Amino acid sequence: MSRNVAIRIFIVLALLLTFATAAAASEGPHWSYDGDTGPAFWGVLAEDYALCGTGQSQSPVDIPSSAPSNPADLGMAYQPSAVNIFNNGHTIQVNYDPGSNLTVDGSEYQLLQYHFHAASEHTVDGSQRPMEIHFVHQNAQGKLAVVGTFLVDGAANAAYTPIFDNLPASESEPEAVPGAQVNAIDLMPGQKTYWRYSGSLTTPPCSEGVTWLVMNNPVEVSSEQIGAYTAIYDHNFRPTQAMNSREFIVGQAPTTLPTTGGVLGDSSAVVWLIPLATLVLVVILISLTVRKRTA
Ligand SMILES: [Zn+2]
């Protein structure tokens, strides 16, 4: 083997290793809903997942049916979206086309995606529902607002047909269901009163500061539709977490929030880091230019 060929092979191997490491790092350590990588161990699987074990404002929670609920005041301005469906190894997710918003406390949150859990993550008076759908929204500051809706056994639901008829059984990349358009509003209950509290992501890294809006009324789907999902994921739910000092909120969130967590990990860090890094770079460039001129 000539020296050139050996060097080329070395470079290719080094590049492959770099990409593989980067890919592994971006996905984070492996977690699951079973055994020693299951919910009870998430907090110790990685430093980044510590809040899953130590957080005081975690989700999901048990909701007493007597908890005060909010009037149907969520400003929902949703457009129909393609059904960009995929199996991410933990749930079935549908990425939503840009341009659909929810307004909470005067702040606009864009609908990014919805995904499913079976059985439900939130419970009411201690009892689980067959499924729960989470509509994940994010505002310009990186803060999340999630609308949770329980799915119960009943009449077949045509709005859900393009989704439940196209569930990818194994891990896949997002792919639009040909010809299908679904409006998120049609996947929610008609009567939109809701419970509200401050919680977290229900999957690692369990970041806190998430506004939870859980619909009081469930949506009916057929047992066949539920069965199509549970044939793929039949226990992708995190058990309920302690409320601690939190209360169910009616109206706007109190202005003095508890100081535990509240920061949305990576996304909000990036929001601050980019302008900061740009500022530092500009200052360095200016000082270099000034030095050259004065030299
Ligand atoms: Zn979820």
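All figures in this text were calculated on a predicted structure; none of them were measured in a lab.

Colleague: How should the overall build of the protein chain be read in this particular structure?
Modeller: Along its length, the protein chain carries six helices and 13 strands. Split into buried and exposed, the 295 residues of the protein chain put 30% on the buried side. Across the protein chain, every contact between residues at least 6 apart in sequence was considered, and the portion connecting residues at least 24 apart equals 69%.

Colleague: So what exactly am I meant to see when it comes to the environment of Tyr114 here?
Modeller: Topologically, Tyr114 is positioned in strand S6 (residues 107–117). Tyr114 gets classed as buried once you count the C-beta atoms within 10 Å, which come to 25. Measuring from C-alpha to C-alpha, the distance between Tyr114 and Gln93 comes to 5.8 Å, with 21 residues separating the pair along the chain. Once residues lying within four places of it in the same chain are set aside, the contact partners of Tyr114 are Val94, Tyr96, Ile133, His134, Phe135, Val136 and Ala184.

Colleague: Quick question: what am I supposed to make of the pairing of strand S9 (residues 144–153) here?
Modeller: When you tally the buried positions in S9, you get eight out of 10 residues, the bulk of the element. As defined by bridge partners, strand S8 (residues 131–139) adjoins S9 across eight bridges and the pair is classed as antiparallel. Directly across from Val136, in S9, lies its bridge partner Val146. The hairpin formed by S8 and S9 contains four residues between the paired strands, and Gly142 there has a positive phi angle of roughly 85 degrees. Bridge count between S9 and strand S12 (residues 208–215): four bridges; the pairing is parallel. Directly across from Val147, in S12, lies its bridge partner Leu213. Sheet analysis places S9 next to strand S13 (residues 219–221), joined by three bridges and oriented parallel. Note that in S13 the partner of Asp153 across the bridge is Val221.

About the thresholds
Residues numbered from 1 in each chain as written. Predicted model: local features only at pLDDT ≥ 70, side-chain atom pairs only at ≥ 80, totals over all residues. Helix = DSSP H or I, 4+ residues; strand = E, 2+ residues; numbered from the N terminus. Buried ≥ 20, exposed ≤ 12 C-beta atoms within 10 Å, placed from the backbone. Contact = placed C-beta atoms within 7 Å. Pairing = 2+ DSSP bridges.

Keep in mind these values describe shape, not function.
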